[in-house]
Each structure stands twice: as C-alpha cells, then as structure tokens.
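# Architecture and fold: a report
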Amino acid sequence: MPATRDYYEVLGVPREATDADIKKAFRGRARDVHPDTSDHDDAEELFKELNEAYEVLSDPQKRANYDRFGTADPQSGFPGGGYGYGDPFGGAGVGDLFSVIFDGVMGGNARQQARPEGHDMSAQIVITLEEAASGVSKPMAYARSATCESCSGSGAAEGGSVKTCPSCQGSGQVVSARRTILGTFQSVAACDTCAATGTVIEPPCPACSGQGRVQARESVSVEIPAGIRDGQTVRVSDKGEAGLRGAASGDLLVTVRIRPHDFLHREGDDLHARAGVPMTVAALGGEIEVPGLDGPVPVRVPAGSQNDATLVAKGAGMPKGRGGHGDLIVHVNVVVPTRLNKAQRELLEQLNETLGTSKHPSPLERVRDWLGM
Ligand SMILES: [Zn+2]
Ligand SMILES: [Zn+2]
C-alpha cells in the first residue's frame, strides 16, 4: 500500500466535505476495515491509514495545512509512528468511546510534556524613585538550574552519545492495548525508560547525571528602563530554569518595586510635592525652589496664591514611555511667620490697617474666613 495516499481518497470524501461528512465517512470505513471484524488481508494497515487520514481531516488546522502543503504539520513533516486503533463500535455509547480512544491515541503531547523547557523564575528588586526616573542596570545573583557546562546540555559524557530509546523507538510514548468486552482499547503513556524524551544517554554525563542541567549560581544584570512603574516586570531572557537536556531555558521575571520617596509622591508620570511658600511670596508672587529628582527645580508663584493651590513645573516629572516627561506638581503650603521683630510687626500692622480688616466681621465674613474663601 502506498504510504502517501490522499487522505480524502482514503476516507472516500470530496475535498469540500464537511466535518460531519468526514466523521460519517470515517465511521463507515472503520467498520469495513476494522482488524477485529474485517477479513481483509491488510486490515490493520488500512485501519491505521484511515485513522491517520481522519486525525488530519477532522482537525481544522491540520486539514488546512494538509490542503495547502500536502502535510498536516508543515514544520516537521508528518510524524510516522504512534497511531493506534481501537474499537469505536463496541456496542454502547459510540460517541463516548470515540473520544476516549482519540484523546489517547491522537494526543502526541507526551514528548512535549516530558521534554520540558525550563520554567520561568521570578524575583523582586527594589529601586529608588531616582533610579526609576533615570533607568538603571541592577546586578542580581541567584541560584538556578543552569545548562551543564561539562556536556553543554546534551547530558552525555565525553565520548558518550544520545541514542534513540530502545523501549519506545524514539517516540517518547508507549502504546498498550487492553482487551475488554467492548473491544480493544488503546492507551498511550509516557515512556519510562527515556522519561518520554525519546532518547537515552550512554554513558550519562557525570556532572549532571544525564540531565543536561545543574544547580548553579547565576549573576545577571537587570536592565530597568527609565520611567518604569512600581510593580512592573522586567524579563531577562533565558535566565530562568534551564531546560532538560538542552531544551529551551525559561526566563527570569523580575518584578520592580520602587521605594517610597521622602518628599516626592508619584502619580502616573507626574510627581507631587508639598512646598512651603512664605506668606509674603504667596501674596506678592515670586519664585521658590522645590527639590526635584535631579536637584532644585525653580517654580514660579503667582501673586495671590492661596494655601493648597497647585503650581506646575512642566516636564519635571517622570520620563514617559514614549518620550517626554510628566510634570512636577507643587502643592502650596503658605507659611506664616511665628516670630516677628518689632519692625516686621509694625509693617504688618500697617498692612492690616490698609487692608481694612474689620475687627468685627459680619456673620457672612466669618463664614467666608472659616471656609477659607
Ligand atoms: Zn552534563
Ligand atoms: Zn523511550
């Protein structure tokens, strides 16, 4: 029998067959060629072929690939082995049996599960607000399972080699058949001999016992971009757990925490600060200096600024992700002198008289004063 018969031909359906057509055709054909019931000489081969065709054409993605490339998996070509068959027509609950069998046989995940990529690892780092503003490179040392240097991750000792597993012939999975009154059931399990990798190592690398990875101290430099927010994560590629026998490593995920600043409070890209403004400057207007991230920031105070007014120093906030900066927002704290010398007191009394402040304010004025209006 040719190994590459057209799957549509195998099932006896046209290329535009619906999913239901395909399922129906499969069941019909399966009845005819099932090895337990068919007297066809190569029933077993035909049934395998039928399963293969059905497995591809019943999966929309695989079917699309097959239609386009002539194979279900254009990356790796169609895998040869691993297909089994069961008895979907044992007499009861056809639908249920169907899914039992095909979940097991068609899975093909055993290799992926057992030849794992290394896991991601997570860590936390604390930086200052200044570092968050400028960006910073932070060294970090930690323990991880790293690629074994003795065998470069292959798991084989010097002169040793990686061989196809004799128990599973490299498929990473073993198929066992179980006969029941409902028929023969096929089950697929990960191969124990090779931990489902499909290969065994002879002799194994003594440094890593054939694992291809060992516990090691690792030092990395975590590059933290300017403007990072508290709680954001920086990914250091391939610095997580190394994969088994040369499989891909996981990443190191570093969560960045920003230590609270003494006087600057961040909200988004803006920074907020409280600044004392002498009452005379608040009344007359002027300029004050506010300590910012990179040193003093001059801030203009308009005449008549009230307590709790906000002043804005444009661009003196945190860097934004797409260029530019947020603002520094200054909350005015009008400072009244607590000690006055004689001359100052006389000046203020004169001022008080010229402002005509009433000694007996009206009820309305009292309310206004109380509300700070
Ligand atoms: Zn090794
Ligand atoms: Zn094996």
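Note that the structure is predicted; figures quoted are calculated from it, not measured.

Calculation rules
Residues numbered from 1 in each chain as written. Chains lettered and ligands numbered in written order. Predicted model: local features only at pLDDT ≥ 70, side-chain atom pairs only at ≥ 80, totals over all residues. Heavy atoms only, no water. Phe/Tyr/Trp six-rings, centres within 6.5 Å; stacked < 30°, edge-to-face > 60°. Helix = DSSP H or I, 4+ residues; strand = E, 2+ residues; numbered from the N terminus. Buried < 20%, exposed > 50% of the residue type's maximum accessible area, 1.4 Å probe, protein only. Donors = N, O, S within 2.8 Å, 3.2 Å for Na, K, Ca; no water. Tetrahedral: all angles 85-135°; square planar, octahedral: opposite > 155°, others 65-115°. Pairing = 2+ DSSP bridges. Axes fitted to C-alpha atoms, helices over the stretch in contact; angles between N-to-C directions. Core = buried A, V, L, I, M, F, W, Y, C linked by side-chain atoms within 4.5 Å. Domains from an automatic or database assignment. Contact = heavy atoms within 4.5 Å. Salt bridge = Lys/Arg side-chain N within 4 Å of Asp/Glu carboxyl O. pLDDT = per-residue confidence, 0-100.

Quick look at the packing of aromatic side chains now. Taken as a whole and judged by the stated rule, the model has one aromatic pair. For the ring pair Phe26 and Tyr54, a centre distance of 4.2 Å and an interplane angle of 15 degrees mean the geometry is stacked. Residue Phe26 is located in helix H2 (residues 19-33), and its partner Tyr54 is located in helix H3 (residues 43-57); the two are separated by 28 residues in the primary sequence. For Phe26, a relative accessible area of 0% translates into the label buried.

Looking at the zinc ion (ligand 2), the protein donor atoms are Cys165 (SG), Cys168 (SG), Cys191 (SG) and Cys194 (SG), and they sit 2.2 to 2.3 Å from it. The coordination sphere of the zinc ion (ligand 2) comprises four donor atoms, whose angles at the metal cover 103 to 115 degrees; the geometry is tetrahedral.

A few words now on the sheet that holds strand E10 (residues 265-267). Overall, mixed pairing links the four strands, which are arranged E10-E11-E15-E14 in an open sheet. The open sheet has two free edges, formed respectively by E10 and strand E14 (310-313), since each of these has just one partner strand. Strand-to-strand twist of the sheet, defined as the mean angle between neighbouring strand axes without regard to direction, takes the value 35 degrees. Two elements, E10 and strand E11 (residues 270-278), share three bridges in a ladder whose sense is antiparallel. Directly across from Arg266, in E11, lies its bridge partner Leu271.

Our focus in this paragraph is the sheet that holds strand E9 (residues 252-258). Here we have three strands laid out as an open sheet, ordered E1-E9-E8, and mixed in their pairing. Strands with a single pairing partner mark the edges of an open sheet, and in this sheet they are strand E1 (121-127) and strand E8 (233-236). Going across the sheet, the axis of each strand differs from the next one's by a mean of 30 degrees, ignoring polarity. In this sheet, E9 lies alongside E1 in parallel orientation, the contact comprising seven bridges. Residue Ile125 lies in a different strand from E9, and its bridge partner there is Val256.

One broad trend across soluble globular proteins is that nonpolar side chains are buried collectively. Of all hydrophobic cores here, the largest spans 37 residues; its most connected members are Ile127, Val222, Ile224 and Leu328. Split by domain, the residues of this core number at least three in each of domain 2 (121-258) and domain 3 (265-336). Residues contacting Ile127, with those up to four places away along its chain left out, are Ala132, Val136, Lys138, Ile224, Ile228, Val256, Arg257, Ile258 and Arg259. The next biggest cluster of nonpolar side chains, apart from the first, holds 19 residues, and it includes Val13, Phe26, Val33 and Leu50.

The zinc ion (ligand 1) binds to the protein through Cys148 (SG), Cys151 (SG), Cys205 (SG) and Cys208 (SG); the donor distances cover 2.3 Å. Taken together, the four donor atoms coordinating the zinc ion (ligand 1) span angles of 104 to 115 degrees at the metal, a pattern that classifies the geometry as tetrahedral. When the donor residues of the zinc ion (ligand 1) are listed from N- to C-terminus, their spacing reads C-x2-C-x53-C-x2-C. Residue classification places Cys148 among the buried positions, given a relative accessible area of 1%. On the accessibility criterion, Cys151 (7% relative accessible area) is buried.

Scanning the entire structure with this criterion turns up 14 salt bridges. Among the ionic pairs, Asp230 bridges to Arg257, the shortest N-O distance being 2.9 Å. Here the residue Asp230 occupies a position in the loop between strand E7 (213-224) and E8, and Arg257 occupies one in strand E9, the gap between them amounting to 27 residues. Classification of Arg257 as partly exposed rests on a relative accessible area of 35%.

Before going further, it helps to spend a moment on the confidence of the model for the protein. Looking at the protein as a whole, its pLDDT mean stands at 81, while 82% of the residues score no less than 70. When pLDDT is averaged over each element of the protein, strand E15 (residues 328-335) comes out on top at 97 and helix H5 (residues 94-106) at the bottom at 33. In this model, residues 74-115 is a region of pLDDT below 50 whose contacts with residues beyond four sequence positions or in other chains number 80 contacts.

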